[in-house]
Amino acid sequence: QVQLVESGGGLVQAGGSLRLSCAASGSIFSIKFMAWYRQAPGKQRELVATISSGGRINYADSVKGRFTISRDNAKNTVYVQMNSLKPEDTAVYYCNAAVEVGPLRIERDYWGQGTQVTVSS
């Protein structure tokens, strides 16, 4: 079993910054992709950013230039630095990881429990 634990959410004023972290633990052989998603009230969950084990990165257009995703492979941890936050960034942010688990290296998808980010105007 694999667990993803997020931290770093909170309340911030527009224009401010937050850094989210997500640490994976458990029967991990390797982690391929790690990603951040978000879901605002009444809206579908949307992709924010992804990063591969080799460091290939993609961002949603809405966060390009403001958010930076990174990962520490040794710690099985992914981060997202969020700058110039806007009220429309308010959402629950979820960590996602594609993990090879166990001796058979079966790839499975895992989600964190989510962390609330609220940006006030």
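Before reading further, recall that the structure is shown in the block above.
Here the structure is a predicted model, which means the values were calculated and not measured.

Trainee: So, the state of the cysteines: which residues are in play, and what are the values?
Mentor: The full count for this structure, using the stated rule, is one disulfide. Disulfide pairing is shown between Cys22 and Cys95; the S-S distance is 2.1 Å. Measuring handedness by torsion sign, the sulfur bridge of Cys22 and Cys95 sits at about -80° and is left-handed. Of this pair, Cys22 sits in strand 3 (residues 18-26) while Cys95 is found in strand 9 (residues 91-101), placing the two residues 73 residues apart along the sequence.

Trainee: Explain the packing of aromatic side chains residue by residue, including any values.
Mentor: In this structure the tally under the stated criterion is one aromatic pair. Positioned above the aromatic ring of Tyr79, the side-chain terminus of Arg19 is 4.1 Å from the ring centre.

Trainee: A description of the environment of Pro41 should follow, citing residues and the corresponding values.
Mentor: When you line up the elements, Pro41 lands in the loop between strand 4 (28-39) and strand 5 (46-51). Sequence separation between Pro41 and Thr90 is 49 residues; the distance between their C-alpha atoms is 8.8 Å.

Trainee: I'd like to hear about the nonpolar core, residue by residue, with values.
Mentor: By size, the foremost hydrophobic cluster in this structure holds 31 residues, and its most contacted members are Leu4, Trp36, Phe67, Val78, Met82 and Tyr93. Within the residue set of this core, elements represented by two or more residues are strand 1 (2-7), strand 3, strand 4, strand 5, strand 7 (67-72), strand 8 (77-82), strand 9 and strand 11 (115-120). The element that contributes the greatest number of residues to this core is strand 9, accounting for six residues. Discounting chain neighbours no more than four positions away, the residues touching Val78 are Leu20, Ser21, Cys22, Met34, Trp36, Ile51, Ile69, Ser70, Arg71 and Cys95.

The rules behind these values
- Residues numbered from 1 in each chain as written.
- Predicted model: local features only at pLDDT ≥ 70, side-chain atom pairs only at ≥ 80, totals over all residues.
- Heavy atoms only, no water.
- Disulfide = S-S within 2.5 Å.
- Helix = DSSP H or I, 4+ residues; strand = E, 2+ residues; numbered from the N terminus.
- Phe/Tyr/Trp six-rings, centres within 6.5 Å; stacked < 30°, edge-to-face > 60°.
- Lys NZ or Arg CZ within 6 Å of the ring centre and 35° of its normal.
- Core = buried A, V, L, I, M, F, W, Y, C linked by side-chain atoms within 4.5 Å.
- Buried < 20%, exposed > 50% of the residue type's maximum accessible area, 1.4 Å probe, protein only.
- Contact = heavy atoms within 4.5 Å.

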